[in-house]
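Residue strings, one per chain:
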Amino acid sequence: MTTIVEVSGSGKTLQEQLRAPEEATYRPYAPGEKMDAGTVVVAFVGPNPAAHLDAAAVAPALQELPVGGRALLLLGWPVPDLPYQRVLDELITAGCQVLQVIPLDHAVGDRAHCAVVAARVDRIAPLRTHLSDEPIVIDGASPDLRALLRLTGEKVFSELLERPLRRKLAETADRVLEQDKRIRELEKEVAARDAKVTQAESRLTKARNDVAKLQASTTFRVGATVVQGARRPGKAIVSVPVGLVRIWRKRGATGGPADQQS
């Protein structure tokens, strides 16, 4: 039969959240009260004293666990900021091995960001990933227990901290690919605009040359002389014939393409 022992001020803070099976016995932690191998110690450890316990406050309950007993610690630190050594120190001192560290999704505020599953052992249990549900089998010779507890605990916590870093790295790589794609698109747009500017400059140069040719042509000069005479009718009797004679002489003297075309 499973007995769940909660370490908290009221002893019932986590009861509703954990949704323990009806056949399990749920009680608050009382120092010195006997625990058996079916006992699970639960606590919410974190940085906010108003909502969490300090890791040291859970230590007495962990140390009273018999071999085979379990511990479930909810942690209120965001995974990247998790000071796991503080929790691990208390578990190792109590002879507990960290079996799994499980990230919890959609954690905000003072809610739990991950959960630690540990067991009181007298020899090392095989390591498991955070998704593994295989039964724990403890066999073989027992080397220095505390040293192995330290190594296995460090490994499990380090894997937890690496997961968000790998995810961020993958997200960064995706953003870099998107930015490179956008840069190539912008380069194509700039090249297309440069080509349009070059074409416009070419058309402007051609238009200026056409205007210069037009202004130099006999037809344009004759028209300008007539217009000026129309503006001053009194002088037009003299100015227009004189102007036309000058144009005719210049036309004969230059003999340029513009004059010949006109």
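Every value quoted in this text rests on a predicted model; they were computed, and no experiment measured them.

J.: It is not clear to me how the overall build of the protein should be interpreted in this structure. Could you clarify?
T.: If you tally the helices and strands in the protein, you get 7 helices and 6 strands. Ordered by position from N to C terminus, the α and β elements of the protein give β-α-β-β-α-β-α-β-β-α-α-α-α. Burial analysis of the protein (262 residues in total) assigns 31% to the buried set. Across the protein, contacts joining residues at least 24 apart in sequence account for 64% of those joining residues at least 6 apart.

J.: Which parts of the structure should I look at to understand the packing of aromatic side chains?
T.: For any pair of aromatic rings, geometry is given as the distance between the ring centres together with the angle between the planes. Per the counting criterion, the structure on display carries 1 aromatic pair. Between the aromatic rings of Tyr84 and Phe157, the centroid separation amounts to 4.9 Å while the plane-to-plane angle is 10°, which identifies the pairing as stacked. Of this pair, Tyr84 sits in helix H3 (residues 84-93) while Phe157 sits in helix H4 (residues 145-216), placing them 73 residues apart in sequence. Taking the relative accessible area as the measure of exposure, Tyr84 reaches 10% and is therefore buried.

J.: Would you take a moment to explain the side chain of Glu6 for this structure?
T.: Tracing the sequence through the fold places Glu6 in strand E1 (residues 3-7). Within polar-contact distance, the side chain of Glu6 engages the backbone nitrogen of Thr13 at 2.6 Å. Looking at Glu6, its side chain comes within polar contact range of the side chain of Tyr26, at 2.4 Å. With residues up to four places along the chain from it excluded, the contact list for Glu6 reads Gly11, Lys12, Thr13, Leu14, Gln15, Tyr26, Arg27, Pro28, Tyr29 and Val42.

J.: Sorry, what's going on with the pattern of salt bridges here?
T.: Oppositely charged side chains may form a pair once their charged atoms are brought near each other. Here the structure, examined in full by the defined rule, presents 6 salt bridges. Here Arg86 and Asp54 are joined by a salt bridge, their closest N and O atoms 3.2 Å apart. Here Arg86 is found in helix H3, whereas its partner Asp54 is found in the loop between strand E3 (39-45) and helix H2 (55-64), with 32 residues between them in sequence. What makes Asp54 partly exposed here is its relative accessible area of 40%. Salt bridges here are not isolated pairs; linked through shared partners, they connect Arg182, Glu185 and Glu189.

J.: Honestly, H3 in this entry has me stumped. Any pointers?
T.: In an α-helix, one turn spans 3.6 residues; hence positions three or four apart end up facing the same way. For H3, the set of buried residues is Tyr84, Val87, Leu88, Leu91 and Ile92. Mapping the buried residues of H3 onto a view down its axis gives an arc of 130°, with all of them on the same face. Directly beyond the C-terminal end of H3, a positive phi value near 75° is found at Gly95.

J.: Please explain the sheet that holds strand E2 (residues 25-28) as it appears in this structure.
T.: Read across the open sheet, the 6 strands follow the order E2-E1-E3-E4-E6-E5; overall the sheet is mixed. A single partner strand is all that each edge strand has here, and the edge strands are E2 and strand E5 (96-103). Mean inter-strand twist for the sheet, computed between neighbouring axes without regard to direction, equals 20°. Alignment of E1 against E3, held across 5 bridges, turns out to be parallel. Bridge pairing in E3 links Ile4 to Val40. Each of E1, E3, strand E4 (70-75), E5 and strand E6 (114-120) is contacted by H2, which is oriented at about 175° to E3, the strand it contacts most. Relative to the sheet, H3 contacts E4, E5 and E6, its axis offset from that of E5 by approximately 145°.

J.: How should I be thinking about the pairing of E3 in this particular structure?
T.: The two faces of a sheet get side chains in turn, since along a regular strand they alternate between them. Among the 7 residues in E3, 7 count as buried, and that is most of the element. Burial along E3 is two-sided: Thr39, Val41, Ala43 and Val45 facing one way and Val40, Val42 and Phe44 facing the other are all buried. Alignment of E3 against E4, held across 6 bridges, turns out to be parallel. Residue pairing across strands places Val41 opposite Ala71, the latter belonging to E4. In this fold, the crossover linking E3 to E4 by way of H2 has right-handed handedness.

J.: Got a minute to help me understand the packing of H2 against H3 in this structure?
T.: A packed helix pair is summarised by two numbers, namely the angle formed by the two axes and the spacing between the axes. Interhelical geometry of H2 versus H3 gives an angle of 20° and a closest axis separation of 9 Å. It follows from the interaxial angle that H2 and H3 lie roughly parallel. Judged by the sense of rotation from one axis to the other, the crossing of H2 with H3 is right-handed. Residues Ala55, Ala56, Ala59, Leu62 and Gln63 of H2 form the contact with H3, whose participating residues are Arg86, Val87, Glu90, Leu91 and Thr93. Looking at the contact of H2 with H3 residue by residue, the class counts come to 6 nonpolar, 2 polar and 2 charged.

J.: Would you mind going over H2 with me for this structure?
T.: Burial in H2 covers these residues: Ala55, Val58, Ala59, Ala61 and Leu62. Between a side-chain oxygen at the N-terminus of H2 and the backbone nitrogen of Ala56 the separation is 3.0 Å; the capping residue is Asp54.

What counts, and at which threshold
One numbering rule holds for all chains: residues counted from 1, following each sequence as written. Only residues with pLDDT of at least 70 are given local features in this predicted model, and only at 80 or more are side-chain atom pairs given and counted; all residues enter the totals for whole chains, interfaces and linings. Hydrogens and waters are ignored; side-chain quantities use all the structure's heavy atoms. Under the DSSP-based scheme used, a helix requires at least four consecutive residues in state H or I and a strand at least two consecutive residues in state E, with every element numbered from the N terminus. Accessible area is worked out with a 1.4 Å probe on protein chains only. A residue is then buried under 20% of its type maximum, exposed over 50%, and partly exposed in between. Contacts are assigned to residue pairs with any non-hydrogen atoms lying within 4.5 Å of each other. A pair of Phe, Tyr and Trp rings is counted when the ring centres sit within 6.5 Å of each other, with Trp represented by its six-membered ring. The angle between the planes then sorts it: under 30 degrees is stacked, over 60 is edge-to-face, the rest tilted. Nitrogen and oxygen atoms within 3.5 Å of one another constitute a polar contact, given that in protein one can donate a hydrogen and the other can accept it, and given that sequence-neighbouring residues count only through two side-chain atoms. When a carboxyl oxygen of Asp or Glu is within 4 Å of a side-chain nitrogen of Lys or Arg, the pair counts as a salt bridge. This arc is taken over the directions from the axis of the helix to the C-beta atoms. Here a strand pair is declared whenever DSSP counts at least two bridges between the two strands. Here an angle of 0 to 180 degrees is reported between the N-to-C directions of two axes, which are lines fitted to C-alpha atoms, with helices fitted over the stretch in contact. Look down the strands so they point away from you; if going from the first strand over the helix to the second traces a clockwise path, that crossover is right-handed. Orientation labels follow simple angle bins: below 35 degrees gives roughly parallel, above 145 gives roughly antiparallel, 65 to 115 gives roughly perpendicular, and whatever is left gives oblique. If you view the pair so one helix is near and one far, a crossing is left-handed when the near helix is turned anticlockwise from the far one by less than a right angle, and right-handed when it is turned clockwise. Three classes are used, and their members are as follows: Ala, Val, Leu, Ile, Met, Phe, Trp, Tyr, Cys and Pro are nonpolar, Asp, Glu, Lys and Arg are charged, and the others, Gly among them, are polar.

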